[in-house]
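Residue strings, one per chain:
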Amino acid sequence: MQTISKIADIRDIIKAERKKDKTIGLVPTMGNLHAGHISLVEQMHQHADIVITSIFVNPLQFSPNEDFDTYPKTMQADQEKLEAAGNHYIFAPSATEIYPEGTTSKTLVSVNALDGILCGKSRPTHLTGVATVVTKLFNIIMPDHAIFGLKDYQQLMVIKQMAIDLCMPINIIGAPIVRDDAGLALSSRNNYLSGEQQQIAPRLNQILNFVKQAILDGENNFRELEKQTMLIIEESGFKPDYFEIRTQNTLKSATIADHKLAIFVAAFLGKTRLIDNVRFENNEKNN
Ligand code: PAF
């Protein structure tokens, strides 16, 4: 496995692999890899001959008050994990390689229809930062397939929509959320949690499942359910950001008339912001 930092070098490698008729799969990450990331690499082996994992902490998707400067960097451990997972190349560019003119780029990619809600509301520049860097990675690697975790469901929807709207010939794959034994969705930011916070954090997933069951059991006042659950999240020790019941495909606020539902939550434990979601079908018979 090779680690490549220059755009020109990874392009040469990909050209050579393409000459051998190999298909290319991209696993975009910001490093500090955990079992969730490794599962993306493992799944990508089922789609592509050559798996390239990018490691780049993208400054453009952090606002000034967020954790860009302290975001954990663990390149050696990441390399070992990727090697063990059979990853072929790591693309780990510097910030100047990706943003040669600085992050006040004149070109930004925004999927406006899916921004301004959920994480896009709480982190106004975040999804534009993600869509812009993913576009750059797609233009550099030109993969046949790219894979993203369902934990960042809104991010996945933004990237899928962007690929459709900008005619990017890339198969965008959504991969199941990987959880620890207590049900907490794996995230690099879980490393920030204190021992006590680690005990509280899995409550978020329990609350999601509790509300899902309430809906399946016939609860139909979604707005009231959202309001009451925000209080429960607070009483459980979090500072809630949002708790919303939306449609899976359009991310519109859901009502009882909708069947494919997703419940989204974001909440702080101290300074650590956790997100999670659950997706399910609310069938006629449950209504
Ligand atoms: O999900 C992430 O780790 C990042 O948002 C991504 C997709 C690698 C873009 O920086």
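Scoring rules and cut-offs
- Residues numbered from 1 in each chain as written.
- Predicted model: local features only at pLDDT ≥ 70, side-chain atom pairs only at ≥ 80, totals over all residues.
- Heavy atoms only, no water.
- Near = heavy atom within 4 Å.
- Polar contact = N/O pair within 3.5 Å; in protein donor to acceptor, adjacent residues only side chain to side chain.
- Areas by Shrake-Rupley, 256 points an atom, 1.4 Å probe, with all protein chains shown as cover.
- Helix = DSSP H or I, 4+ residues; strand = E, 2+ residues; numbered from the N terminus.
- Nonpolar A, V, L, I, M, F, W, Y, C, P; charged D, E, K, R; others polar.
- Buried < 20%, exposed > 50% of the residue type's maximum accessible area, 1.4 Å probe, protein only.
- Pairing = 2+ DSSP bridges.
- Core = buried A, V, L, I, M, F, W, Y, C linked by side-chain atoms within 4.5 Å.
- Contact = heavy atoms within 4.5 Å.
- Axes fitted to C-alpha atoms, helices over the stretch in contact; angles between N-to-C directions.

S.K.: Where do I start with the site of the ligand in this structure?
M.R.: Residues in close proximity to the ligand include P28, T29, M30, N58, Q61, V130, V133, F148 and Q155, which together make up its full environment. In this structure, an oxygen atom belonging to the ligand sits 2.6 Å away from a side-chain N or O atom of Q61. In the model, an oxygen atom of the ligand is placed 2.8 Å from a nitrogen or oxygen of the Q155 side chain. Contact with the protein chains removes 87% of the 290 Å² of surface that the ligand exposes when unbound. Mapped by element, the contributors of at least two residues to the shell around the ligand are β2 (24-29) and α6 (126-141). Residue classes in the shell around the ligand are distributed as five nonpolar, four polar and no charged.

S.K.: Mind showing me how you'd approach the pairing of strand β7 (residues 239-247) here?
M.R.: Strand residues, when the strand is regular, have side chains that alternate between the two faces of the sheet. Extensive coverage of β7 is indicated by the burial of seven of its nine residues. Relative to strand β8 (residues 260-269), β7 runs antiparallel, the two being bridged by eight bridges. By the bridge assignment for β8, F243 is matched with V265.

S.K.: Just to check I follow, could you spell out the nonpolar core for this structure?
M.R.: Note on soluble globular proteins: their nonpolar side chains tend to be buried together. Grouped together as the largest cluster of nonpolar side chains are 51 residues, with contacts concentrated most on I10, I52, F91, F138, I141, M162 and I172. Among the elements that take part in this core, α6 stands out by supplying nine residues, more than any other. For M162, the contacting residues outside a window of four places in its chain are V109, V111, A131, V134, T135, F138 and M168. Core analysis: the next-biggest nonpolar cluster, separate from the first, contains 25 residues, L184, L193, A254 and L269 among them.

S.K.: Help me understand the sheet that holds β2 in this model?
M.R.: Strand pairing in a sheet relies on backbone hydrogen bonds, with the paired strands running either antiparallel or parallel. Strand order in this open sheet of six strands is β1-β4-β3-β2-β5-β6, and the pairing throughout is parallel. Here the strands that pair on one side only, and so sit at the sheet edges, are β1 (2-4) and β6 (171-175). Here the average twist between neighbouring strands, direction ignored, is 25°. Sheet analysis places strand β3 (residues 50-55) next to strand β4 (residues 89-91), joined by three bridges and oriented parallel. By the bridge assignment, I52 is partnered in β4 with Y89. Helix α7 (residues 153-165) rests against β5 (145-149) and β6 of the sheet, and its axis sits at about 170° to β6.

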